[in-house]
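Close look at the chain arrangement
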Amino acid sequence: QDISELVRLDHRAISWAWYQEGFGNGEGDDHPAYIAHHNAPQYFGYIRQNKSMWSGVHDLMDFFDVMQKKQLPAQSVAFIKGGYQNPFGWVPSEPRARAIVGDDDHPAYADSQLSESLVAKVVNAVARSDYWQDSAIIIIWDDEGGFYDHVPPPNFEPCPDGHPCGDGPRVPLILISPYSRSGGIVTDRGDHASFAKFMDVLFGLPPLGSLPDEKPYLPQGPRDTNPALTD
């Protein structure tokens, strides 16, 4: 293997944490607010089976405690997830929807206003902290909420069944940061892999798609080497 590639992979790890509603709360993983299949880190064996790495998964409320105590590392990435309920005692303003108290903006169990309140609470916690001047908050959705997009989704790779595959209907992404342009709109094509590309650029990391263990699985593997997707 080329020595330059080995040197490039020898990079200091970037601290990360996954804060998900209902994970823990003194009641284990069976807390009624916890959505098990939304816990992404568990699907990576090298994380789930590694006690040190799995310790990066926390309850949502731990995030606010860490912010208050100013315990975030100098460089880190934090993921925030809501759930079936909310830990703040919020209720919808619409009386007929009082039973819908989820706060992750997912249809059926989450209220949009409560979900917006969770976003605002997280953003305010960062914006009012000493971390704000060096922060980038990225708000993304994984469901488009309807077939409103008039532009056909692009096909740029084969699916596992051999049919053409690509991205689905367009969904918004909101960037909140002192580094962002106020009111700016970017129309570059991107998807969830763009977040990984952003991390690659920000921290000088090798793309996931360039790692020896991932290359055999492309294009179905990590696509942060795809030049068609924005960073």
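The structure we're discussing is the one just above.
None of the values given here were measured: they were computed from a predicted structure. (Residues numbered from 1 in each chain as written. Predicted model: local features only at pLDDT ≥ 70, side-chain atom pairs only at ≥ 80, totals over all residues. Heavy atoms only, no water.)

Turning to the packing of aromatic side chains, a few remarks are in order. If you walk through the whole model with that rule in mind, you get 10 aromatic pairs. Ring geometry for Phe 23 against Tyr 34: centres 5.8 Å apart, planes inclined by 55 degrees, an arrangement best described as tilted. Taken together, the residues Phe 23 in the loop between strand E1 (15-20) and helix H2 (45-48) and Tyr 34 in the loop between E1 and H2 connect sequence positions 11 residues apart. Neither Phe 23 nor Tyr 34 differs from the other in exposure class; each is buried. Here the aromatic rings of Phe 64 and Phe 88 are separated by 6.0 Å at their centres, their planes lie at 85 degrees, and the arrangement is edge-to-face. Here Phe 64 is found in helix H4 (residues 60-69), whereas its partner Phe 88 is found in the loop between strand E3 (76-81) and helix H5 (112-127), with 24 residues between them in sequence. In textbook terms, an aromatic cluster arises when at least three aromatic residues are bridged by ring pairs, as seen for Tyr 19, Phe 63, Phe 64, Phe 88 and Trp 90. One cation-aromatic arrangement involves Arg 48 over Trp 54; the distance from NZ or CZ to the ring centre is 4.2 Å. Looking at Lys 121, its charged tip hangs above the ring of Phe 64, at a distance of 5.4 Å from the centre. (Phe/Tyr/Trp six-rings, centres within 6.5 Å; stacked < 30°, edge-to-face > 60°. Helix = DSSP H or I, 4+ residues; strand = E, 2+ residues; numbered from the N terminus. Buried < 20%, exposed > 50% of the residue type's maximum accessible area, 1.4 Å probe, protein only. Lys NZ or Arg CZ within 6 Å of the ring centre and 35° of its normal.)

To continue, consider the nonpolar core. Counting 14 residues, the largest nonpolar core has Tyr 19, Phe 63, Phe 64, Met 67, Val 122, Val 126 and Ile 137 as its most contacted members. Those elements giving two or more residues to this core turn out to be E1, H4, H5 and strand E4 (137-140). With 5 residues, H4 is the single largest residue contributor to this core. Setting aside anything within four residues of it in sequence, one finds Val 126 in contact with Phe 63, Met 67, Trp 132, Ser 135 and Ile 137. Trp 18, Tyr 34, Trp 54 and Val 57 belong to the second-largest nonpolar core, a separate cluster that totals 6 residues. (Core = buried A, V, L, I, M, F, W, Y, C linked by side-chain atoms within 4.5 Å. Contact = heavy atoms within 4.5 Å.)

Within the open sheet, the 3 strands sit side by side as E2-E1-E3. Their pairing is parallel. With one partner strand each, in any of the chains shown, strand E2 (57-59) and E3 form the two edges of the open sheet. Neighbour to neighbour, the strand axes of the sheet diverge by 25 degrees on average, direction disregarded. Where E1 lies against E2, 3 bridges are found, and the strand directions are parallel. The residue of E2 that forms the bridge with Tyr 19 is His 58. Each of E1, E2 and E3 touches H4; the most contacted strand, E2, lies at about 90 degrees to it. (Pairing = 2+ DSSP bridges. Axes fitted to C-alpha atoms, helices over the stretch in contact; angles between N-to-C directions.)

Helix length check: H5, at 16 residues, gives a terminal C-alpha distance of 22 Å against a target of 22 Å (1.5 Å per residue), a fit within 8%. Along H5, the residues that are buried comprise Leu 114, Ser 115, Leu 118, Val 122, Val 123 and Val 126. Lining the buried residues of H5 we find H4, E3, E4 and strand E7 (173-176). The N-cap residue of H5 is Asp 111: its side-chain oxygen and the backbone nitrogen of Gln 113 are 3.0 Å apart. (Expected span 1.5 Å × (residues − 1). Polar contact = N/O pair within 3.5 Å; in protein donor to acceptor, adjacent residues only side chain to side chain.)

In short, the description is geometric, and any link to function would need to be established separately.
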